[in-house]
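# Survey of secondary and tertiary structure
If you want the building blocks of each chain, they are given just below.
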Amino acid sequence: MENLNLVSLPHFVSVENLHVDEVEALIKRAEYFKKGGATPRLTKPVYVTNMFFEDSSRTHTSFEMAERKLGLTVIPFDPAHSSVNKGETLYDTSLIMNALGVDLEVIRHSQNEYYNDLINLKEHQHLNIGVINAGDGSGQHPSQCMLDMMTIHEHFGHFKGLKVAIVGDITNSRVAKSNMELLTRLGAEVYFSGPSYWYDKKFDKYGKYEELDKLIPDMDVMMLLRVQHERHAGDPNEKKFDAKAYHEKYGINHKRYNELKPDTIIMHPGPINHDVELSGDLVESDKCMFVRQMQNGVFMRMAMIEAVLRGRKLGGLE
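Computed from a prediction, not measured in an experiment: that's the story for all the values here. (Residues numbered from 1 in each chain as written. Predicted model: local features only at pLDDT ≥ 70, side-chain atom pairs only at ≥ 80, totals over all residues. Heavy atoms only, no water.)

### Side note on the overall build of the protein
What the protein contains, in helices and strands, is eleven helices and nine strands. In summary, the protein has a C-alpha radius of gyration of 20 Å against a globular reference of 20 Å for 318 residues, a match within 12%. Taken along the three principal axes of its C-alpha coordinates, the protein extends 55 × 50 × 35 Å. The burial tally for the protein puts 56% of its 318 residues in the buried class. About 14400 Å² of surface is accessible on the protein, with carbon and sulfur atoms providing 48% of the total. Both charge centroids of the protein, one from 37 positive and one from 45 negative side chains, sit 2 Å from each other. (Helix = DSSP H or I, 4+ residues; strand = E, 2+ residues; numbered from the N terminus. Rg over C-alpha atoms; globule rule 2.2 N^0.38 Å. Buried < 20%, exposed > 50% of the residue type's maximum accessible area, 1.4 Å probe, protein only. Areas by Shrake-Rupley, 256 points an atom, 1.4 Å probe, with all protein chains shown as cover. Lys, Arg positive; Asp, Glu negative; His and termini not counted. Charge placed at Lys NZ, Arg CZ, Asp CG, Glu CD.)

Below you can see the structure in the form of structure tokens.
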């Protein structure tokens, strides 16, 4: 059995309150699972439901795979046929799930910090269900952030002094917000690039904004972001968006790929817009970690779920 400090959390909704030693322990635990390490033995059943109010393929399937590998019983939930469409609040939906015997809910929702209503209860409320955030609007994406940290650690073995560029639609990216904050605390040097109109000066406290071609030769990690057209309602830049022009100015094409350092890795949370953020024939290239990120996502989500199982003493775990 692996000798490590096991993390215990009542919920997993953000990376902001994680201590560095907890991040390191979760990475180590996920790497242990990836190497075939034994999963915790559950002595009591644990029921989980995945409530995705926004479209997802990778995250949804990855969480369900992680849940099944840990031996949890997955209770299906379909937002399209739920009472949410009748005006039921997310809190009341959770209250119902709790009453029916669900122990954990994994939620993706368009509202930033939706989870506050579920974990910061009022005096008259008695909801008792663990919440794992699978993405809140343009706020946080803790599981993607943690699997990204695992992927970087797996490749380099450390974070201290690594130069990481986050490139693209930064303002609308919950992945960028989670990653810039945690990378900085782990000792990496963060840089930003992409369209200036999708960058906010508030991110200056985490890193420096530069033109992409100035960053290419020096970076250890190129973290590309999808252009999130669905979050651009009312944005005048959306109307004049041109995929080919974006790729030429802000994308990783063959020329830029060849100018990267030999050990540099390219990351993308997906889905990838081929020939926009990244040339389509580079998605499965040696430097691109896209497939490995998805593989690592299962094991990191196992570690995250286990932390909440232990924090809530579910399945007989302490």
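Okay, back to it.
### Examining the sheet that holds strand β9 (residues 265-267)
Read from one edge of the open sheet, five strands run β7-β6-β5-β8-β9, paired in parallel fashion. Across the chains shown, the open sheet's two edge strands, defined by having one partner strand only, are β7 (207-209) and β9. The sheet shows a mean angle of 20° between the axes of neighbouring strands, direction not considered. (Pairing = 2+ DSSP bridges. Axes fitted to C-alpha atoms, helices over the stretch in contact; angles between N-to-C directions.)

### Points about the domain arrangement of the protein
Entries for the protein in the domain assignment read domain 1 (11-139 + 295-311) and domain 2 (142-292). Measuring from the centre of the C-alpha atoms in domain 1 to the corresponding centre in domain 2 gives 26 Å. Facing the 33 residues of domain 1 at the interface are 27 residues of domain 2. Between domain 1 and domain 2 the total buried area reaches about 2400 Å² when both faces are included, carbon and sulfur atoms providing 60% of it. The largest share of the area that domain 1 buries against domain 2 comes from V15, R58 and N296, three residues that together contribute 24% of it. Counting every contact that joins domain 1 to domain 2 gives two salt bridges. (Domains from an automatic or database assignment. Contact = heavy atoms within 4.5 Å. Buried area = accessible area lost by both parts, 1.4 Å probe. Salt bridge = Lys/Arg side-chain N within 4 Å of Asp/Glu carboxyl O.)

### A word on the packing of helix α5 (residues 142-156) against helix α11 (residues 290-311)
Helix-helix packing is described using two parameters, namely the angle between the two axes and the distance between the axes. One can describe the packing of α5 onto α11 by two numbers: an axis separation of 8 Å at closest approach and a directional angle of 115°. In the packing of α5 onto α11, the handedness of the crossing is right-handed. Between α5 and α11, the contacting residues are P142, S143, Q144, M146, L147, D148, M150, T151 and E154 on the first element and R292, Q293, N296, G297, F299, M300, R301 and M304 on the second. When its residues are assigned to classes, the contact of α5 with α11 shows seven nonpolar, six polar and four charged. (Left-handed = near helix turned anticlockwise from the far one by under 90°. Nonpolar A, V, L, I, M, F, W, Y, C, P; charged D, E, K, R; others polar.)

### What about the nonpolar core?
Counting residues in hydrophobic clusters, the biggest one holds 65 residues, and the most contacted among them are M146 and M300. When residues in this core are grouped by element, the largest group, ten residues, is from α11. Both domains that furnish three or more residues to this core are identified here as domain 1 (11-139 + 295-311) and domain 2 (142-292). Excluding its chain neighbours within four sequence positions, the residues that come into contact with M146 are F12, V15, L18, V23, L26, I27, L182, M300 and M304. (Core = buried A, V, L, I, M, F, W, Y, C linked by side-chain atoms within 4.5 Å.)

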